[in-house]
Amino acid sequence: MKKFNFEIEGKPYEVAVEKGSGAYEVQVNGKSFSVNYQPETKQKTSFRPNSGTARKAESGVLKSPLPGNIVKVLVAEGQAVKSGDTLLVIESMKMENNVTAQCDGVVASISVKVGQSVMQGDNLLAFEAAKSAEAPKPAPAATAKPAAPKAAAAGAVTSPLPGNVLKLHVKSGDSVKKGDVVAVIESMKMENNIPAPRDGQVGAVCVEVGQSVMQGDALFELN
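Small disclaimer: the values here were computed from a predicted structure and weren't measured.

## Quick word on the sheet that holds strand β14 (residues 156-158)
Strand order in the open sheet made by the four strands is β14-β21-β19-β16, with antiparallel pairing throughout. Of all the strands in the sheet, just β14 and β16 (175-176) have a single pairing partner and so form its edges. Inspection of the sheet shows β16 paired to strand β19 (residues 200-205) by two bridges, in the antiparallel sense. Among the inter-strand pairings, S175 is bridged to a residue of β19, identified as Q201.

## With respect to the sheet that holds strand β13 (residues 123-129)
Sheets are built from strands that pair by backbone hydrogen bonding, the pairs being arranged parallel or antiparallel. With respect to topology, four strands assemble into an open sheet ordered β6-β13-β11-β8, the strand pairing being antiparallel. The sheet is open, and its two borders are formed by β6 (60-63) and β8 (80-81), each paired with just one other strand. Where strand β11 (residues 105-110) and β13 come together, five bridges link them in antiparallel fashion. Following the sheet pairing, S109 is matched in β13 by A126.

## Describing the pattern of salt bridges
Under the criterion given, the structure shown has two salt bridges. With its nearest N and O atoms 3.9 Å apart, the salt bridge here joins K82 to D104. Here D104 lies in the loop between β10 (95-101) and β11 and K82 lies in the loop between β8 and β9 (86-92), a separation of 22 residues in the sequence. Accessibility expressed as a relative area gives 53% for K82, which makes it exposed. For D174, the salt bridge is made with K171, and the minimal N-O distance between the two is 3.4 Å.

Definitions and limits used
Throughout, residues of each chain are indexed from 1 in the direction in which the sequence is written. Thresholds applied to this predicted model are a pLDDT of at least 70 for local features of residues and 80 or more for the giving and counting of side-chain atom pairs; totals over whole chains, interfaces and linings are not thresholded and use all residues. Side-chain descriptors were evaluated using all non-hydrogen atoms of the structure, hydrogens and water having been removed beforehand. Strand pairing is defined by DSSP finding a minimum of two bridges between the two strands. A run of H or I in DSSP becomes a helix once it reaches four residues, and a run of E becomes a strand once it reaches two; helices and strands are each numbered from the N terminus. The working definition used for a salt bridge is a side-chain nitrogen of Lys or Arg within 4 Å of a carboxyl oxygen of Asp or Glu. Buried residues are those whose accessible area, probed at 1.4 Å on protein chains only, stays under 20% of the maximum for their type, while exposed residues exceed 50% and partly exposed ones sit between those limits.

Written as structure tokens, this is what we have:
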């Protein structure tokens, strides 16, 4: 049984996950849940250096795209890599996720080791991109999706974890008290109540039911 410790809105959560017959048995703070799973597949996660331009790749820090455990580190500090090379492998929910380089460069430093648990956004390694590396080609146009959540402004209620918006309990103009549940986010097949951090009045609503959000995305503006 694998165990993880999380902290959401200052409240600790102890999560234990064990694979059963056709489902995962998940315990959250002693409460048991049965979570169905699909056959094991492999995913690829590409790394783009921290450059918001299309001119040339620059140096950057590779951060974990999801929580999990480091199962393989395939590069060493000072090693030159090519676009598409697998840098490391993260296991999450029994799936191995290959983290690859998307441009030529050199590994400057490595912040993790095999067997280490990481959370989404944790530093994995520092990457010095080759000066002559070309910018990645634009991705094909995707079908229309709900607008991306607004950047979190001062006083905004933000998502404490990645998932899907399952319910919205307030609308623009509603008054709320500290602790009132303003939304429900489904993550890892569990429903997570999002409380108001203080008394106030709801301004703009930044998401809609069914929309996917990442940790830190704005849900509401609270005046």
